[in-house]
Each structure stands twice: as structure tokens, then as C-alpha cells.
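# Close look at the chain arrangement
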Amino acid sequence: MTGESAHPLCPHCGHPLQPFQLPENSGWDEQVHLACFNDDCPYFRRGWEWMFDHYGVKASYRYRVDPASGTDSPLPVWSKDAIRNRILDAEVIVEKPDDHLNSEESDKRQDATARKEKTRRGKPPAQSKNTPPRKGKRP
Amino acid sequence: MVDFKTVEVETDFLILGGGMAACGAAVEAAYWAKQHGLKVTLVDKAAVDRSGAVAMGLSAINQYVGLRDGQNTMKDYVDYVRNDLMGVTREDLVASIARHVDSSVHLFEKWGLPIWKDEKGGYVHEGRWQLMINGESYKVIVAEAAKNAIGKENIYERVFIVGPIMDGEKCLGAYGFSTRDNTFYVFKAKATLVAMGGAVHVFKPRSSGEGQGRAWYPPWNAGASAYFTLKAGAEMTCQEVRFIPVRFKDAYGPVGAWFLLFKSRATNAFGENYMETRKGELDNWAPYGHVKPVPANLRNYLGMLDVMQGKGPISMRTEEAIQKIAAAAGDEKAAKKKLKELEAEAWEDFLDMTISQAILWAATNVSPEEKSSEIAAAEPYFIGSHSGASGAWVSGPEDLAPKEYFWGYEHMSTVKGVFCAGDATGASSHKFSSGSHAEGRIAAKAAIRYIAKEHPAAPTIDPNTVERLKAETLRPMSLFDETKKATTQEDVNPNYIRPKMFMMRLQKIMDEYAGGVTAQFTTSEGMLKRCLELLVFLKEDSAKLGASDLHELMRAWENTHRMYQAEAHARSILFREETRWPGYYFRADKPRMDEANWHCFVNCKLHPTTHEWEMYKRPILHMFAKPQEHELLGG
């Protein structure tokens, strides 16, 4: 793993992301993700109303990045204090995420993985289509 | 003899079961069957709306791979499952399901299941593979789609399937009876899908007295799939791989949200976290002891070591987790407000999935913010869709399976025309609800293709066979009816044994000899041989089951099904001369894992006519290159 003292910034508020410890059984190989713990982050603040309006739950989400893959996904939280007790020191070394976290980088990673899988079997792995079935047609 | 009318149903594709796998099969089969002018029939012993393991609802979908977003790959999921099962898994089957499961989840969403998403439409993950949902009506939504797909006129609810109709090695369909009126059913089919769930209450549960019946997995999963495939002469796999969940004690509320969302820890009576203090033990189970996440059976085992040393009870430190979060709130007023929010969250997690846990807390004055709650290992279950692996040995898909694992049609058992999905399929763990649905779809599509390509003849069944099966099915009711007056107390009669008492005999045998709760999940060659001796007696007893009504008749057959699952299990543990899944079971006479000799599947078959068991090894073949040690360590 490479050492990097500065962590990327949240694309919603510009706040530096902070490393936090994942629970033991979360399923990810690595044990540390990055998240924006800025309580004024507009993504976090909007989330409360979004989740209540759409799902009737008193929860929100923080911007979160998996440093190993560079992919981001919402980290569910039920209060502004949730998960704060698992924040690690800013100097914690994590695998360097993509600086840009843009789709081009993400595509390259997917291509590399798909090439690896193709080499193994000699056939490309089938990918499930994401379009729901239309009437009379199958994906 | 009691008087039942006989109804014969002819169909092309017969789906047995009403849970997630069966509902997936119905939706997929309906489409392909229509193209070929084929009829699809589904039979459920209950009502499809709430059948199966997802009956009460779920608060998360536990298998979503995220292929379209590039979050994970098929290989990532295969690696995860193989590691969690200590190396024993059919990679081709896991991959077959992993590449289709996302589309099942997208269908659920289309049908109306609320899956948590942020404002950008990104799924909210509880863990890497888990999505948060509002899932109280999860099954109802999935069932509605299935029922609409094949039409209510093709669904038989409240019909209990006893077993397969065989003509030599050929399966002609299934037979059973209504649980509501005196009707015996014969379903004749060109292809059959077995999706009748796993098995619970084979072992004595922790619950007792008026609480008896309480289990983590649904008690109505009574081994029907295993019985059907065994009686059809199908090869079975991983019958030794039971699952023991560690959950909140007695009501079996989920611990996942507490570990993952609340970031709780579990400690023993001395406040020690066994995952820390017993870490060294994982070295004894390398390489699997070194993977992340730690395999479920090893996590269990570390806690069990504390319990066996007298350091129990083990408790989920709910009060610590909540207080920690509340303490950061600032002033007292803010802390009180925070506590209220957290309390609501803690209870709601159970109300989505396990109402009984909320009731137990209420009944025992447990306030999670003040008092920790015990967690404990449950009794063993047979649940090939979850973290167990038992089920039928099925073909993989042609494009993924090594040639040794492919015989014509994906997810078809070794009996031609008998397909399996969900808990009925073995060696393909970690499907959960969504994966089972996807597997049902895969198997159903293959089954329709089988019918369309192979043109199996419409089955004809000799009327004498029908009469024989009917008499056999109704024997418990006939026996009770004929002999109940022999004593003055119906429960105590030398001519028959009531199903409940039979079940207790079975559970006592399994608990004491095959590594149940009271035996601390430990057994040995001597104990297993004694278990099998006692099961011989029990098999004789099964011919004397007595049933006073339809409900008891169902219970009589459910316990017969359980008995066959029990025997397959005991024989498989005996055959595998090692301990590979401590935390699920432990062989005291073979306490170590033996990769050199036992990195393999243990398979078995029950000969349909001689009733002899065959046990054998099958090699574990990797779809992807065999992982190296450093890959297992996540490096």
C-alpha cells in the first residue's frame, strides 16, 4: 500500500475525507474507508429529508469512498454522531484512491478486471443486463 | 381407511415450493413456457404471499453484487463465498447466480420493493453485498409478481408435497395432499423444480416448553427438498455443512445491524471481546482463518471457546454502543434526544424482521440503551441458501462449469428433469433471498429449455401406483383412526406414535449424538455410529406414525422428511474425517482440518430401491485459478 497523508476532498462540500474503521464483517477486504464527516455537507443535510420523504426513515447518508476501488457509495447514518467513534487519525495510510474518481478511471478498472476474467476462462463472463424486461422482450 | 378423493393434475413444468426460489422460477418459467405452449404449475403447502424464509420480511437484501456499476466482479463474490465456506464451494454455481442476482433485485424494485437510495440513485449499502430496504412486505411483493405471471389457476396452495413419483430412474412428478380438505394429489410433469426450502427442527432447539418451535430459520422448512431429491435417487452434497447462526438469544433477532450499523461489540462475562482475545486460534485454521472477513463458523468458534471455558454469557453491548453515541451529543438535553432517536432505531430494526425480539425485550424489561442482551449460538439448521451448504448436487452452466460439473442443463440434479433452486441446491452458499430468486429463474429457464429440447413424454402413471402412494400417504391417519380406541389416552397408544413425540425422539438423537446444543456441537465416530443405530429404530417408528387430522398428517410427513435429512447429515459428518467448520460442528476424534485429504466435497446418494447409502468424495475444481495464499489474505 502507498503512503499518502492527504486524503481526497468531498465533491459536495470540499471537506477532506476522513478514514474510518469498517466493522469486522462488512465484507470488504480492507478495513478502512473514507467518508465526509462534515455535518454541514449539503449531501448529508439533504439526505435527511430525502430518506424520510422516500422511505419514512429517520436516517441520512454521508459521502463515502472505498479507497481500494475508488468507487463511492452512500454510508448510512442515523445521527450526526453515528460512526464518529470509528474515525481514525488523519495520518492513517490507506490505499491511494483515484484522485479524480471520475468515470474514465472507473471504466479502466472495470476493463482491466474484465480482461483478467476473460483470460482465465477464454470466454468473457456474462454480465447481467440492467434494463428491466420490456413487455414481449427479454434482456 | 380414511376416505380421500384423488385429483390428478397434468402439467409440463412443476414448481414445488412457494418461497423466493419458487417465485423466481414462476416468473421466468411463465415467459419461456408461453413461447413453447407449455403449462406451468406451482404447488405450495402454505400461501405464496408469505411462504418461505422471507415470510415476516427483511431489513436488507444480502446479495447484491453491483456488476453494472463496476463495484464488484463475479470473481469477488466467488472468492467471498469460497473463503466463508472454508474452501468448499461450487464456484461455477456461485458465479452462475452472482451474474444474475442483480437483475432479480432490479425486478424487486420495479415491482415496488423500497430499496434505500440516495438522491443520486445510489443504493445505500449496509455492507459490501447488502442493501438496506423497507422490507416488511418483501415477500408479498415478490409473490404478487409470481402469481400474476403464471396465473392463480395454476397455483395450488395448502397442498403438502410428500415425495417424488418415480418410474425407475425417471421422475414423473410429485404426490401430496391438501391440508384443508380430504384430497390426495398427483402432479404429473415432464420436468420438476424442487424449491421447498431447507430443514429446521432436525436438532433439538434451544426453545422449550411453551416456547418450543421458536427457531431462527422458519420452522415450516422441514426437509421436504432433501427428502424429495434423496428419494428420487439424486446425488446430494455438503450434507455435513449445517449452519449455526449466532443471534440474540431465544428470539433470534438479527445481530447484523448491531455489528454493522451501530458498531457494537460482543463481550463475555469478563468484558473481553473474544474476537480479540482468541485471535491466535485463527492461525490453526489457515489459510481460511486469515481471510477477511473471518469465516462465520470461525467467528462462532471463538465465542464458543469462551463459553466452553465458563466465560459466558456472551452479550451484545447494546448499552455501550448507544451510550457512546449519545455521550458525544453534548449537553444533557441533546443526549436525551439522541437516546430517543437511537432507541427507536434499535427497536425498528427488529420490527422489520423479527418482531419476537422486540416482544421479548418488552417482556423482559430490556431497554437496549441500559442493558446488554445475550447472544448465543442457535441449534443447527440445514440452509444451503445462506451460510450452510447442504442440498442436491446440480449441474453448472455450460459456459462456466468445468466439464466434470456439467451434464446438460444448469441447476439440474443428477436425476434427469429434476431441477433444484434455493435451499434445495447444495455447495452454492450465500444466495440469501435475492440469489435464491435468481437461481429459481435460472433453473426454470433451463427446465423449459429441457422440455422444449428433449421432448420428454407426458408421464403416465399406473393407477396401482397412485393407490399405493395414496395408502402410504394416508397411513398415519388410517392407523390412528383404526387403533385410537385401544387406550383411554390418545397420546399414549402402543399402536402408533404421534408426530410431536416422534419429532422429540429425532431431536434427542441428533442433539445428543450428532453435535447439537447440549453436546456443544461436538461429536465423534462413536457418537455418530450410535446416532445411526438409533435412527434405524426411528425409521421403524416412522411406519407407526399416527395422525388425528390433516394438520397432524402434515406433521407426520414433515418429521419423516426431517429424519432423512438427519441421516444424510450424520453419515456425511462421519465420512468426512476432519473438522473443517468448527463453530458449526466439531469432531472430537478428528479435531484438525486436513487439507491434504479432505479438500473435497462429500457427496452421497440413497439408492431408491435397495435403500443403501453411497458416500464419496468429489474434487473441488476452481472456475478461476486456484487462489494463492496471498490472495486469500487480501494482498
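Residues numbered from 1 in each chain as written. Chains lettered and ligands numbered in written order. Predicted model: local features only at pLDDT ≥ 70, side-chain atom pairs only at ≥ 80, totals over all residues.

### Remarks on the overall build of chain A
- Along its length, chain A carries two helices and four strands.
- Reading the helices (α) and strands (β) of chain A from amino to carboxyl end gives β-β-α-β-β-α.
- Relative to its 139 residues, chain A shows a buried fraction of 35%.
- When contacts within chain A are restricted to residue pairs at least 6 apart in sequence, those whose partners lie at least 24 apart make up 54%. (Helix = DSSP H or I, 4+ residues; strand = E, 2+ residues; numbered from the N terminus. Buried ≥ 20, exposed ≤ 12 C-beta atoms within 10 Å, placed from the backbone. Contact = placed C-beta atoms within 7 Å.)

### Focus: the overall build of chain B
- Secondary structure summary: chain B contains 18 helices and 21 strands in total.
- Scaling as 2.2 N^0.38, a compact globule of 635 residues should have a C-alpha radius of gyration of about 26 Å, and chain B matches this with 24 Å.
- Across the 635 residues of chain B, 58% fall into the buried class.
- In chain B, 75% of the contacts between residues at least 6 apart in sequence involve partners at least 24 apart. (Rg over C-alpha atoms; globule rule 2.2 N^0.38 Å.)

### Thoughts on the pairing of strand β9 (residues 183-188) of chain B
Residues and elements named next belong to chain B.
- With five of six residues buried, β9 is to be regarded as a mostly interior element.
- Direction of pairing for strand β1 (residues 5-10) relative to β9: parallel, over a ladder of six bridges. Across the sheet, Val 9 pairs through a bridge with Phe 187, a residue of β9.
- As defined by bridge partners, strand β8 (residues 170-178) adjoins β9 across five bridges and the pair is classed as antiparallel. If you follow Phe 177 over to β9, its bridge partner there is Phe 184.
- Here β8 hands over to β9 after four residues, the two strands then running antiparallel side by side. (Pairing = 2+ DSSP bridges.)

### Examining the domain arrangement of chain B
Residue and element names in this part refer to chain B.
- Each assigned domain of chain B is listed here: domain 1 (1-243 + 380-635) and domain 2 (246-377).
- In this structure, domain 1 and domain 2 have C-alpha centres spaced 30 Å apart.
- Opposite the 26 residues of domain 1 that make contact, domain 2 presents 25 residues.
- Of all elements in the fold, only β4 (58-61), α2 (74-84) and α18 (629-632) reach the threshold of two or more residues within the side of domain 1 that touches domain 2.
- Per-class residue counts for the side of domain 1 that touches domain 2 are 10 nonpolar, 11 polar and five charged. (Domains from an automatic or database assignment. Nonpolar A, V, L, I, M, F, W, Y, C, P; charged D, E, K, R; others polar.)

### Some thoughts on the confidence of the model for chain B
- Averaged over every residue, the pLDDT of chain B is 93; residues scoring 70 or more account for 95%.
- Overall fold confidence (pTM) sits at 0.89, and the ipTM for the predicted complex is 0.77. (pLDDT = per-residue confidence, 0-100.)

### Some words on unusual backbone geometry
Residue and element names in this part refer to chain B.
- Cis geometry is found at the peptide bond from Ala 286 to Pro 287, where omega equals 0°.
- Looking at the secondary structure, you find Pro 287 in the loop between α7 (274-277) and α8 (296-308).
- Following Gly 312, the chain continues to Pro 313 via a peptide bond in cis, the omega torsion being 0°.
- Relative to the helices and strands, Pro 313 is located in the loop between α8 and β14 (314-316).
- With a phi angle near 55°, Met 86 is a residue other than glycine that sits in the positive phi range.
- Tracing the sequence through the fold places Met 86 in the loop between α2 and α3 (91-111).
- Using a count of 26 C-beta atoms within 10 Å as the deciding quantity, one classes Met 86 as buried.
- Of note, the phi angle at Phe 521 is positive, near 60°, even though the residue is not glycine.
- Since 25 C-beta atoms lie within 10 Å of it, Phe 521 is described here as buried.

### Let's talk about the packing of α3(B) against helix α12 (residues 432-454) of chain B
Residue and element names in this part refer to chain B.
- In the contact formed by α3 and α12, the axes pass within 8 Å of each other and the chain directions differ by 105°. Classified by the interaxial angle, the pair formed by α3 and α12 is roughly perpendicular. Of the residues in α12, those in contact with Ser 96, Ile 97, His 100, Val 101, Ser 104 and Val 105 of α3 are Ser 434, Gly 435, His 437, Ala 438, Glu 439, Arg 441 and Ile 442.
- Classifying every residue of the contact of α3 with α12 by side-chain character gives five nonpolar, six polar and two charged. (Axes fitted to C-alpha atoms, helices over the stretch in contact; angles between N-to-C directions. Parallel < 35°, antiparallel > 145°, perpendicular 65-115°, else oblique.)

### A look at the sheet that holds strand β20 (residues 600-606) of chain B
Residues and elements named next belong to chain B.
- Spatial strand order, β16-β11-β20-β21: four strands in an open sheet with antiparallel pairing. Only two strands of the sheet have a single neighbouring strand rather than two, namely β16 (391-392) and β21 (613-619).
- Strand direction decides the pairing type here: strand β11 (residues 236-237) and β16, joined by two bridges, are antiparallel. Opposite Thr 237, over in β16, you have Gly 391 as the bridge partner.
- Sheet contacts for helix α16 (residues 550-575): β11, β20 and β21; angle to β20, the most-contacted strand, approximately 140°.

### Let's talk about the sheet that holds strand β17 (residues 418-420) of chain B
Residue and element names in this part refer to chain B.
- Spatial ordering of the open sheet is given by β6-β3-β2-β10-β17, a layout of five strands whose pairing is parallel. Where the open sheet ends on each side, the last strands, each with one partner, are β6 (155-157) and β17. Shown here is a sheet whose adjacent strand axes are inclined to one another by a mean of 15°, direction ignored.
- Examined bridge by bridge, strand β10 (residues 191-194) and β17 share three bridges and lie parallel to one another. Looking at β17, one finds that Leu 193 is bridged to Phe 419.
- Sitting on the sheet, α12 is in contact with β2 (13-16), β10 and β17, with an inclination near 165° to β10.

### Here we look at helix α1 (residues 42-55) of chain A
Residues and elements named next belong to chain A.
- Spanning 14 residues, α1 covers 19 Å between terminal C-alpha atoms, matching the ideal 20 Å at 1.5 Å per step.
- The largest bend along α1 reaches roughly 25° and is located at Trp 48.
- Within α1 the residues assigned to the buried category are Tyr 43, Phe 44, Gly 47 and Met 51.
- Buried positions along α1 lie against β3 (60-65). (Expected span 1.5 Å × (residues − 1). Bend = angle between axes of the 7 residues up to and from the residue.)

### What about the pairing of β20(B)?
All names here are of chain B.
- Within β20, five of the seven residues are buried, which leaves the element mostly enclosed by the surrounding structure.
- Alignment of β11 against β20, held across two bridges, turns out to be antiparallel. Bridge pairing links Met 236 to Cys 604 in β20.
- Sheet analysis places β20 next to β21, joined by seven bridges and oriented antiparallel. From the neighbouring strand, Asn 603 faces β21, where its bridge partner is Tyr 616.

### Thoughts on the environment of Pro619(B)
Residues and elements named next belong to chain B.
- Along the polypeptide, Pro 619 turns up in strand β21.
- For Pro 619, a count of 10 C-beta atoms within 10 Å translates into the label exposed.
- Separated by 147 residues in sequence, Pro 619 and Glu 472 place their C-alpha atoms 39 Å apart.

### A few points about the environment of Glu439(B)
- With respect to the secondary-structure elements, Glu439(B) resides in helix α12.
- Here Glu439(B) falls in the buried class, since 33 other C-beta atoms lie within 10 Å of it.

### Some details on α12(B)
All names here are of chain B.
- Look at α12: 32 Å from first C-alpha to last across 23 residues, which is about the 33 Å you get at 1.5 Å a residue.
- Counted residue by residue, α12 has 19 buried out of 23 residues, so it is predominantly covered.
- Just downstream of α12 lies His 455, where phi reads positive at about 50°.

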